[in-house]
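# Coordinate inspection notes
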Amino acid sequence: MFALASCSQIALKQGEINASLYQGDVQKAYDVLNQDIDRWKKNRNALLYYWNKGTMAWMLGKHQESSELFMTSDYFLEDMYRNYANVAASLFTNDKVRQYRGEDHERLLFQYYQILNFMQLGNQEYALVQARRLQLELQRLDDRYKGEKDEPGARYHEDAFAYLLIGLVYESANELDNAYIAYKNAYRIYSNLYSSSLGTDMPEQFKQDIMRLAYHLGHPDDLERYEKELGLVYDKTTPRIGGNTVFFWNNGLSPVKEEISLDFTIIRGQGAGWVLFTNNQFGFSFPVFIGEDHTQDGSAFSNIEFVRATFPKYFTRGAFFSHGELLVNGQTYPMELAEDVSQIAHKELDDRFLKEIGKTLARLALKKASEYQLRKENPEAGAALGLINMITEQADTRSWESMPHQISYSRLNLPSGKQSMVLRAYGPAVSHDQPLQVYVPNEGMSFAGFHTLQPGNPLP
Amino acid sequence: MTKKIYTKTVLWNGIWQMSRNTTTMKKHVLPILLFLGVFAISSCSQRQVTRINPDEQTDLSGRWNDSDDKIVAEDMIDQSIDKNWRTEFEAIKGRKPVVIVGRIKNSTSEFIDPIAIVKQIEGAYINTGKVRVVATADERKEIRDEREDQQIFANEESRKKWGKEKGADFMLMGVMSSKTDQYGKEKIVAYQIDFELIDIETNEKVWMGQSKIKKQIKN
C-alpha cells in the first residue's frame, strides 16, 4: 500500500512535468523536479529522476549539471544489483515496486545526451570515454539476446544511431580507423534491422561519410561494395576530413506507457499442476504451473474461470513537425532521420509482449491460488486478500518520458567561431523558425542540438 | 463514497479475521508479511561511517580508484628510477635530472581523473630523492601570476626574481587504456598504462615502461 501510494505521487509529478513540457515550458518542468530532490533520489524511480532532469538541464543549456546527472545515472546503472526483496515483493504485487532499470533503448540513449554534453562543454576526452562506454552497453545488449536475433523480424538488439554517434565522436578526435569500424556496424544495422523492422532508412549524409572513410583509409573493396549496394558513385575529390559541425534535432516526445487489460479464461485438465490461460480475442494460450494441490478435483483453484490481467502498452505522442532543415549563411541543409525512438520503443515492448504476458499470468495464478485457498478457510479473510490482489494488480507504466519521438541530424562545414543558424521545422501547413548559435572550434568538431517539444497526437 | 467505505470495511474485517486464525496466519499471511518485512528493512537501512587507514586498499564498485593510482605510480617509479637514463645523465651532467610529469591520456572506458595519478607520480619521484620535479604547465601559470604580484606588492628583499625557473630535462607522458570482457553479471577489466620518458632537448625517448592492473568484478 505504501509502495503504491509513493508510486501515485511520482505519477502525479510526472503529469505536472508533462503538462509543462507540452506547453514548451522546460524551466517549469525542471523546477518540478527540483522539489523534494531527496525523495526522488531515494525511491525506485531514481533512474528516471536523473534522466528526466538531465534531459531538461540539457534543454536549458545547463550542460555541466546535465552531465553530472547523466554520469550519476551511468554509475547507478553500473552498480545496480538485483534487490531480491524487490523481486519477491513484485511477485505478490506488481513490477512497479521494483527498482526501475530502464528499457534497452533508454540505457543507450542517455549516453547520446551525455556525449552531446561533453562535446558542448569542449571535453573531448570524456566524450570519447562515453563513446567507449556506449560500445560496452551495445555489447551487453547484443549478448542479452544472443540466439534470438537471427530469427526473421529480429528483435531490437543493436542500434545503428548509437554506432553512428560513436563514429562521429571518433572522427572528432581524428581517430578515423575507430570511426570507420563504428560506421561499418551502423551500415550493417541500417541496412537490415532499421530498414526492415523500424522503417528508418540510412541517412544520405551517413552514406557519404562511410564511403569517404573507406576511400581515404584504403578499403577499395569496401567502397566498391557500398557504391554497388547504395547505387551511388563516390566523388573521389571529397576532402579526407568531413563536415566540422554536427547538429542534432530532437523532435516531439517519446511514447508513454499506458495500462491495458486482457481477460483470460482459465481451463483446467492440462495435467497435474497445470492450468491454461486463454484469450480468444487475440488467440493467446498460456499454460501456467500452479502446483498439484491446486488442480485436484474440489481444490480452490478449480473455482476460477475468468481473470483480468494488466499489461503496459505504448501510446505514441509523436511530433507536430514532420521534417526540418538548417539554414546557414544562405544555404539549406536537410535534417535527416537517424533514430526513430518511438518505433524502437514499440518494437521493444512488442518483442517481449509474450514474455510480459507469461510473467503476469504466473503472478496472477499465484495470487488467485492463495486467495481462493484462504477464502475456503475464512471467507472474509479471502475477500480481503482478493481486494489487496485486485488493488495491487497494475502494469508497470514507467518510462523516460522527456525523450524525443525522433532524432534527426545534419553535418555541415562552417568557419570557426560563433556561427548563427536557423532550424526551420515544418508542420501541417505551417513552419517554425528557431534561431540558434553554435561555437565551432579551430580544430576538431562541434556538436549541437535542439529539441522541439510539440507532440503530434491528442494527448492521453 | 459508499463503495470506499465498503472496501475499507471488507479489508479491515478480513485482516482482523486473519489475525484470529492461527492456521491462516501461518499458511498465507506470514509469508506475505515476511516478504513485506524484508522489503521494509531493505529500504530503511541506516548509514554508517567509519574512518579507515588511507593506505588500505579498498574496492567497492570495482572502478578505478585511489588505490590504483598509488599502485601504478609506485610500479612506474620502481621500473624507471634506477635505469640508464638517470645514471648516465648524472655521470655526464654531475647533477640530478629534472623531470616534469606531463599529460596522462585517458583512453579507457572510465572517467578517470589524470590529475590524481600525476600527483601520485610526482610524490613518488620526489620521495626517491634521486630526481627533481618541477611544476606542471597549469601550476606554473599560477606561480607566475603570484611572482608578478610580488613585483608590485612584496618588499624588495623577499621579492622573487624572474628568469630563475628550473627547466626540466625530461618529460614523463602516459596513455591509459582498458579492455573489458563482460558476460552476464561478471566483468573483467584489464588496464594498461604505457609510460614514456622523453628528453625535452632532443625528443629522444629514453625510457618506456608499462604498468598493468586486472580486475574481476562480480555483481
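Higher on the page you've got the structure.
All of the points below concern the structure found in this document. From a predicted model like this one, the values you see are computed outputs, not experimental measurements.

Turning our attention to the overall build of chain B. Helices and strands together make up the secondary structure of chain B, namely six helices and five strands. Counting from the amino terminus, chain B carries its helices and strands in the arrangement α-α-α-α-β-α-β-α-β-β-β. Long-range pairs, those at least 24 residues apart, make up 61% of the contacts in chain B with a sequence separation of at least 6. Accessible surface for chain B amounts to roughly 15000 Å². Of this, 53% is attributable to carbon and sulfur atoms.

All names here are of chain A. Mapped onto the elements of the fold, L47 is located in helix α4 (residues 46–59). Overall, the relative accessible area of 0% leaves L47 in the buried class. Taking the C-alpha atoms as reference points, L47 and E348, separated by 301 residues in sequence, lie 19 Å from one another. Every residue in contact with L47, bar those within four places of it in the chain, is listed here: S73, F76, L77, Y100, R101 and G102.

With that settled, consider the packing of helix α2 (residues 26–33) of chain A against α4(A). All names here are of chain A. Their axes nearest at 10 Å, the elements α2 and α4 cross at an angle of 145°. The element α2 and its partner α4 pack so that their crossing is left-handed. Along its contact with α2, which presents V26, A29, Y30 and L33, the element α4 presents Y49, N52, K53, M56, A57 and M59.

Now for the sheet that holds strand β4 (residues 186–199) of chain B. Residues and elements named next belong to chain B. Spatial ordering of the open sheet is given by β2-β1-β3-β4-β5, a layout of five strands whose pairing is mixed. Edge strands, defined here as strands with exactly one partner in the open sheet, are β2 (132–133) and β5 (205–218). Each of β3 (170–183), β4 and β5 is contacted by helix α3 (residues 66–80), which is oriented at about 150° to β5, the strand it contacts most.

With that out of the way, let us pick up the sheet that holds strand β12 (residues 446–452) of chain A. All names here are of chain A. In space, the four strands of this open sheet follow the order β8-β9-β1-β12, with mixed pairing throughout. Of all strands in the sheet, those with a lone pairing partner are β8 (336–339) and β12, marking the two edges. The mean inter-strand angle of the sheet, taken between neighbouring strand axes irrespective of direction, is 30°. This element, helix α7 (residues 104–120), spans β1 (245–251), β8, β9 (406–412) and β12 of the sheet and lies at about 125° to β12. This element, helix α9 (residues 160–172), spans β1, β8, β9 and β12 of the sheet and lies at about 30° to β9.

Moving on to the packing of aromatic side chains. Residue and element names in this part refer to chain A. On inspection of all chains with the given rule, the structure shows 29 aromatic pairs over all chains. When the ring of Y187 is compared with that of Y226, the centres are 4.6 Å apart and the planes differ by 55°; the resulting orientation is tilted. Of the two residues, Y187 is situated in helix α10 (residues 176–197) and Y226 in helix α12 (residues 220–230); the sequence distance between them amounts to 39 residues. Connected via pairs of aromatic rings, a cluster forms that spans W51, W58, F70, F110, Y112, Y113, F161, F248, W400, Y409 and F447. The ring centre of Y145 lies 4.0 Å from the NZ or CZ of R155, which sits over that ring.

With that settled, the discussion passes to the pairing of strand β4 (residues 284–289) of chain A. All names here are of chain A. Burial along β4 is one-sided: F284, F286 and V288 are buried, while S285, P287 and F289, pointing the other way, are not. In this structure, strand β3 (residues 274–279) lies alongside β4, joined through six bridges in antiparallel fashion. Bridge pairing in β4 places V275 opposite V288.

How each quantity is defined
Residues numbered from 1 in each chain as written. Chains lettered and ligands numbered in written order. Predicted model: local features only at pLDDT ≥ 70, side-chain atom pairs only at ≥ 80, totals over all residues. Heavy atoms only, no water. Helix = DSSP H or I, 4+ residues; strand = E, 2+ residues; numbered from the N terminus. Contact = heavy atoms within 4.5 Å. Areas by Shrake-Rupley, 256 points an atom, 1.4 Å probe, with all protein chains shown as cover. Buried < 20%, exposed > 50% of the residue type's maximum accessible area, 1.4 Å probe, protein only. Axes fitted to C-alpha atoms, helices over the stretch in contact; angles between N-to-C directions. Left-handed = near helix turned anticlockwise from the far one by under 90°. Pairing = 2+ DSSP bridges. Phe/Tyr/Trp six-rings, centres within 6.5 Å; stacked < 30°, edge-to-face > 60°. Lys NZ or Arg CZ within 6 Å of the ring centre and 35° of its normal.

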